[in-house]
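# An overview of the molecular structure
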Amino acid sequence: MDNIVLNDLIKKVAEYNIEAVETVKKAYDYAKKLHDGQVRQSGEPYITHPLNVAYILADMHADMDTLCAGLLHDTLEDTNIIKKDIEYDFNKDVANLVDGVTKISKMNFSSKQDQNMANTRKIITSITEDVRIIIIKLADRLHNMRTLQFKSEFKQKENALETMEIFAPLAYYIGAYRIKSELEDLSLRYLKPDMYKKIEEKKIKLEEESNKCLQEMLFKIHTLLNDNKIPNEIKLRTKNIYGIYKRLNEGQRLSDIHDLFALKIMVDKIANCYNALGLIHDLYHPINNKFKDYICNPKTNMYRSLHSTLFGPAAITVQTQIRTFDMDKIASFGLTAYWDIAKGNARDIMQKDLKEKFQFFKSLIEMNSIFGDNQEFVNQVKRELFSDRIYVYTTKGEIIELPKGATPIDFAYKLSTDIGNTMVGAFVNDEYVPVDYVLKNKDRVRIVTDELSFGPREEWAEKAHTSYAKKMIKELINK
Ligand code: MN
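Residues numbered from 1 in each chain as written. Predicted model: local features only at pLDDT ≥ 70, side-chain atom pairs only at ≥ 80, totals over all residues. Heavy atoms only, no water.

In this structure, His61 takes a positive phi of about 60 degrees despite not being glycine. Relative to the elements of secondary structure, His61 occurs in the loop between helix H3 (48-59) and helix H4 (64-72). The backbone phi angle of Ala314 is positive, close to 55 degrees, even though this residue is not glycine. Following the sequence through the fold, Ala314 ends up in the loop between strand E4 (306-311) and strand E5 (317-324). With a relative accessible area of 61%, Ala314 lands in the exposed category. (Helix = DSSP H or I, 4+ residues; strand = E, 2+ residues; numbered from the N terminus. Buried < 20%, exposed > 50% of the residue type's maximum accessible area, 1.4 Å probe, protein only.)

This part takes up the domain arrangement of the protein chain. Domain parsing of the protein chain yields domain 1 (6-192), domain 2 (194-335) and domain 3 (388-478). For domain 1 and domain 3, the distance between their C-alpha centres works out to 39 Å. (Domains from an automatic or database assignment.)

In the contact formed by helix H2 (residues 21-34) and H4, the axes pass within 9 Å of each other and the chain directions differ by 15 degrees. Here H2 lies roughly parallel to H4, going by the angle between them. Two packed elements cross with a definite hand, and for H2 against H4 that hand is right-handed. Only Met64, Leu67, Cys68, Leu71 and Leu72 of H4 make contact with H2, whose side of the interface consists of Thr23, Val24, Ala27, Tyr28, Tyr30 and Ala31. Of the residues contributing to the contact of H2 with H4, the split by class is 10 nonpolar, 1 polar and no charged. (Axes fitted to C-alpha atoms, helices over the stretch in contact; angles between N-to-C directions. Parallel < 35°, antiparallel > 145°, perpendicular 65-115°, else oblique. Left-handed = near helix turned anticlockwise from the far one by under 90°. Contact = heavy atoms within 4.5 Å. Nonpolar A, V, L, I, M, F, W, Y, C, P; charged D, E, K, R; others polar.)

In space, the 3 strands of this open sheet follow the order E9-E8-E10, with antiparallel pairing throughout. Taken across any chain shown, the strands that pair with only one partner, and hence form the sheet edges, are strand E9 (431-433) and strand E10 (445-449). On average, adjacent strands in this sheet sit at an angle of 35 degrees to one another, irrespective of strand direction. When strand E8 (residues 423-428) meets E10, the two strands line up antiparallel, connected through 5 bridges. Bridging across to E10, Met423 finds its partner in Thr449. (Pairing = 2+ DSSP bridges.)

Strand pairing in a sheet relies on backbone hydrogen bonds. The paired strands run either parallel or antiparallel. Overall, mixed pairing links the 5 strands, which are arranged E1-E2-E5-E4-E3 in an open sheet. The open sheet has two free edges, formed respectively by strand E1 (232-238) and strand E3 (292-293), since each of these has just one partner strand. Alignment of strand E2 (residues 261-267) against E5, held across 6 bridges, turns out to be parallel. In the strand pairing of E5, Leu263 is matched with Thr320.

Let us now look at the environment of Cys213. Examined against the element boundaries, Cys213 turns out to sit in helix H12 (residues 193-227). Under the relative-accessibility criterion, Cys213 is labelled buried at 15%. Remark: the alpha-carbon pair of Cys213 and Val318, spanning 105 residues in sequence, is separated by 10.0 Å. Discounting residues that sit within four places of it in the chain, Cys213 has contacts with Pro313, Ala314 and Ile316.

Here the focus is the pattern of salt bridges. In total, this model carries 27 salt bridges according to the counting rule given. A salt bridge links Glu233 to Lys235; its shortest N-O distance comes to 3.9 Å. For Glu233, a relative accessible area of 38% puts it in the partly exposed group. We note a salt bridge from Asp259 to Lys239, for which the minimum N-O separation is 3.2 Å. Remark: Lys239 occurs in the loop between E1 and helix H13 (241-249) and Asp259 occurs in the loop between H13 and E2; sequence separation between them is 20 residues. As far as burial versus exposure is concerned, Asp259 and Lys239 are alike and both buried. (Salt bridge = Lys/Arg side-chain N within 4 Å of Asp/Glu carboxyl O.)

Structure, rendered in structure tokens:
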């Protein structure tokens with residue numbers, strides 16, 4: 001939406017939280033007065049930026065404190081008020097959120113200065129205190145990326161790279177797929193403009209060519225489910241440009257991308273996901289090895305859905321993603337879906353879920369406790385969390401997330417320290433492997449343990465890839 005005005009924000013907020021409207025207005029006036037006279041590089045008054053940030057947050061159905069903090073997010077940095085003022089005029093939570101976002105803004109990931117490293121650490125660990133800080137920062141970055149055309153070419157490339165390396169992965173980790181996809185595409189547009197254009201043109205052409213078939217499938221499936229009394233809603237989506245770019249880079253051709261087109265099929269309850277799957281497989285033949293059950297095996301960022309790729313009409317292949325309406329909210333908004341679906345205090349539930357369900361979060365806390373030195377900490381986070389990830393299975397079919405380069409030793413320590421400390425060997429896909437075997441996506445890993453073993457040998461510290469495994473081995477040896 002272009003040229004958002006206060007009224008658009010108010011309308012959006014009123015749709016889901018009428019009680020917040022007055023306070024949001026107050027925060028807008030407050031920020032407007034403070035930023036008075038400041039202009040953006042586009043020539044617009046500065047307030048348009050926080051207003052757009054708040055609008056992005058309202059679109060995610062953010063709570064009142066988050067909306068206020070979105071409107072005030074640049075006031076500590078760019079005007080002469082202090083944290084205490086916000087605390088006095090609003091409340092402590094809003095003040096903390098604005099303060100957290102301000103600290104993040106001062107960091108620069110590409111620089112090696114101590115000051116920056118300390119700040120970077122603050123940002124990364126701020127997520128452990130209140131994940132809403134990161135969510136506001138993501139909205140802030142999204143609006144800045146949407147208006148990047150007004151910056152110098154150097155700034156464009158610098159921001160795009162940082163967005164690709166840090167913010168898109170962060171959005172992925174909290175499951176905010178919508179923001180993640182848009183951030184990726186905006187970044188690619190500035191990092192590889194020619195490539196971006198080429199893929200975009202091809203994508204539009206393919207969409208036009210396939211539209212008739214896709215609409216036919218959508219209609220037939222919708223009718224079929226209705227006839228079987230399964231309440232449903234179906235949406236069509238095409239892979240984002242960056243997603244296509246990645247596949248092409250891996251050597252695939254556009255026509256090989258089996259999930260280029262997807263039908264998102266939302267139904268009322270879990271049992272009907274499986275019922276719908278059976279009905280749909282009867283209508284269109286599935287490709288046998290392209291079925292995934294992420295309902296029973298959720299992804300590590302809570303994503304749940306059934307995936308099955310079908311042979312559609314006119315030789316196109318189409319992926320179906322079958323899930324409940326609530327799962328779909330989580331698929332689009334991740335952790336922030338709790339603003340909508342939580343019955344109690346959404347913030348506490350987000351924080352609790354982060355601790356219990358998100359594997360990256362555990363790794364983050366471990367690294368924070370292992371590395372005293374800021375530079376080492378930031379490097380390690382970049383290496384282990386913001387680099388390519390692989391996903392492997394336990395013997396029970398649970399999905400475990402590890403950095404690329406991880407070995408069975410890392411896998412064992414990720415399961416538990418006890419398993420790591422008593423490990424004597426490992427099987428991958430039923431074959432015995434050396435302990436420094438480099439794990440690949442979808443490997444099935446079984447760790448052999450022996451209570452009487454003397455524990456891992458010294459050289460295993462070198463063979464492990466993750467900081468946690470290395471640290472645990474060294475500690476055990478020192479004992
Ligand atoms: Mn900002």
